[in-house]
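# Structural overview
Okay, here's what each chain looks like letter by letter:
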Amino acid sequence: MQRRTFVVQTAGSLAGIALLPDRSATGPRWLPEPKAVALVGVGRQGRAIVAELLKIDGAKLVALCDIHPARVKAGLERAAGIEGFQDHRSLLDKRRDLDAVIVATPTHLHPGIVTDALQAGRHVYCEAPLAHTLEDAKAIAAAAQRSNRIFMAGFQGRSNPVYQLARTFARTDAVRSLVSMYAQYHREASWRFPAANAVEDKTANWRLDPEVSLGLAGEVGAQQFDVVQWFKGGRPARITGRGAVLFHQDGRKVPDTVQADLVWPDHATLHFEATLANSFGGQHEVLHGVNGAIKLAWTHGWMFKEADAPTLGWEVYALRQQFHSDEGIILIAEATKLAAQGQLKAGVGLPYSPLYYALGDFLKSVTFPNVPVPCTAADGLRATALGILANRAIVTGETVEVPEF
């Protein structure tokens, strides 16, 4: 997730509030005893995972695995004293000391690695989405259910302290009855990496291969679909979509710009749009309710209260941001205490990335099995299914019904 700060614009006269997650929710993660962890997949996301694991006291990264020798070599240079592998089965056979495996390979390679790791008795964190087909996603969920190991799907919003607290407001009269939702992912990027030959191109640029890629809706949007589904409760009834290659005219078939509408049974709609041609606004979600609205941007959040909404008592602790004639309230950790100390601005934003909190939650559940993971295999299946079905709607132009999972 990108670390950005966004300024919010709304219409009307609004007052705002600060969300107050406990400082322990936003602070550093640590384990009371070391846990041996292996990472399978040392691409861009894998390297980000290495960086975050190194910040968690007690997370002992002992092995890396990737089919590309150069990636293994580069990964070993980032963390001293660990072992490299090119085959995950060799890793599982040789490193019997492993407590957990983190799977960060291309999406379509997840199923075999996840099921092998679970069968080998390892706890598993699987990056989102779970798989590129409904069949494979269901197979992963079923394998996790059969296993007595901890399994967590990497949908990061559920571990995000700002999002967790925002959800408590979204489900009360502070927001009341979500009536419309919006999510966007805007980046100026190509999704294409240089490759020496056709074989290397196929593995390096899997996200541009329509046979295995879920496109922007599945590879990125599924994270945001999960947030909205989690906040609103229940699954949407149907999805429509559209997309095209509007900028990167390099022979690709996977659209670089897409829109999708996810419609719930009560007709409330999430409008999603994503592009690789423009970065304006970055990645964020806006949820509109009868009494207020919430804007979430992964490391930051704001709440906007309608002028005629009932006063709830937190308003005096709000730190406001101005944008033209409108005012938004920043969602701040421990705002009451910081306000008393005159340090309210010090609480703005998360001190760590959303990925850090997700990995920390996983390792906490590995250490304390009675502590449930925030995103189960069943949660991951439902979110992955929305990404798959939204991509199908975009590719085919058809309305896709959402079954129960």
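Residues numbered from 1 in each chain as written. Predicted model: local features only at pLDDT ≥ 70, side-chain atom pairs only at ≥ 80, totals over all residues. Heavy atoms only, no water.

### Here's the deal with the overall build of the chain
Helix and strand counts for the chain stand at 12 helices and 17 strands. Within the chain, the fraction of its 405 residues that count as buried is 56%. Sequence-distant contacts, at least 24 apart, represent 72% of the contacts inside the chain between residues at least 6 apart. Summing over all exposed atoms, the chain offers an accessible surface of approximately 17100 Å²; the carbon and sulfur share of this is 51%. (Helix = DSSP H or I, 4+ residues; strand = E, 2+ residues; numbered from the N terminus. Buried < 20%, exposed > 50% of the residue type's maximum accessible area, 1.4 Å probe, protein only. Contact = heavy atoms within 4.5 Å. Areas by Shrake-Rupley, 256 points an atom, 1.4 Å probe, with all protein chains shown as cover.)

### Some thoughts on the pairing of strand 14 (residues 301-306)
Judged by how many residues are buried, strand 14 sits mostly within the fold: 5 of 6 residues are covered. From the end of strand 13 (residues 292-296) to the start of strand 14, which pair antiparallel, there are 4 residues, and W298 there has a positive phi angle of about 75°. (Pairing = 2+ DSSP bridges.)

### Remarks on the sheet that holds strand 6 (residues 123-127)
Read across the sheet, 6 strands follow the order 4-3-2-5-6-7 without closing on themselves; strand pairing throughout is parallel. The open sheet has two free edges, formed respectively by strand 4 (83-85) and strand 7 (151-154), since each of these has just one partner strand. The average undirected angle you get between the axes of adjacent strands in this sheet is 25°. Here strand 2 (residues 30-40) runs beside strand 3 (residues 57-65); their pairing, made up of 7 bridges, is parallel. Considered in strand 3, the bridge of W30 is made with D57. Along the sheet, helix 5 (residues 110-119) makes contact with strand 2, strand 5 (100-103), strand 6 and strand 7, crossing strand 6 at roughly 165°. (Axes fitted to C-alpha atoms, helices over the stretch in contact; angles between N-to-C directions.)

### Things to note about unusual backbone geometry
Negative phi characterises most residues that are not glycine, and trans characterises most peptide bonds. A cis amide bond links A128 to the next residue, P129, at an omega of -5°. Note on placement: P129 falls in the loop between strand 6 and helix 6 (134-146). At S177, a position not held by glycine, the phi torsion is positive, near 55°. Position of S177 among the secondary structure elements: in the loop between helix 7 (161-170) and strand 8 (178-186). What makes S177 partly exposed here is its relative accessible area of 45%.

### Here's the deal with the packing of helix 9 (residues 215-232) against helix 12 (residues 377-396)
At a closest axis distance of 8 Å, the pairing of helix 9 and helix 12 adopts a crossing angle of 130°. Comparing the axis directions of helix 9 and helix 12 gives the class oblique. Where helix 9 crosses over helix 12, the handedness of that crossing is right-handed. From helix 9, G215, A217, G218, A222, F225, D226 and Q229 reach across to helix 12, where they touch D379, R382, A383, L386, G387, A390, N391 and I394. The class makeup of the residues in the contact of helix 9 with helix 12 is 7 nonpolar, 5 polar and 3 charged. (Parallel < 35°, antiparallel > 145°, perpendicular 65-115°, else oblique. Left-handed = near helix turned anticlockwise from the far one by under 90°. Nonpolar A, V, L, I, M, F, W, Y, C, P; charged D, E, K, R; others polar.)

### Focus on the packing of aromatic side chains
Per the stated rule, a full pass over the model turns up 7 aromatic pairs. Judged by centre distance (5.5 Å) and plane angle (85°), the ring pair of Y356 and Y357 falls under edge-to-face. Put simply, the rings of Y352, Y356 and Y357 touch in pairs and so form one group of aromatic residues. (Phe/Tyr/Trp six-rings, centres within 6.5 Å; stacked < 30°, edge-to-face > 60°.)

### Remarks on the environment of G301
Structurally, G301 can be placed in strand 14. A C-alpha to C-alpha distance of 9.3 Å links G301 and H284, two positions 17 residues apart in sequence.

Just geometry here; none of it tells us what the structure is for.
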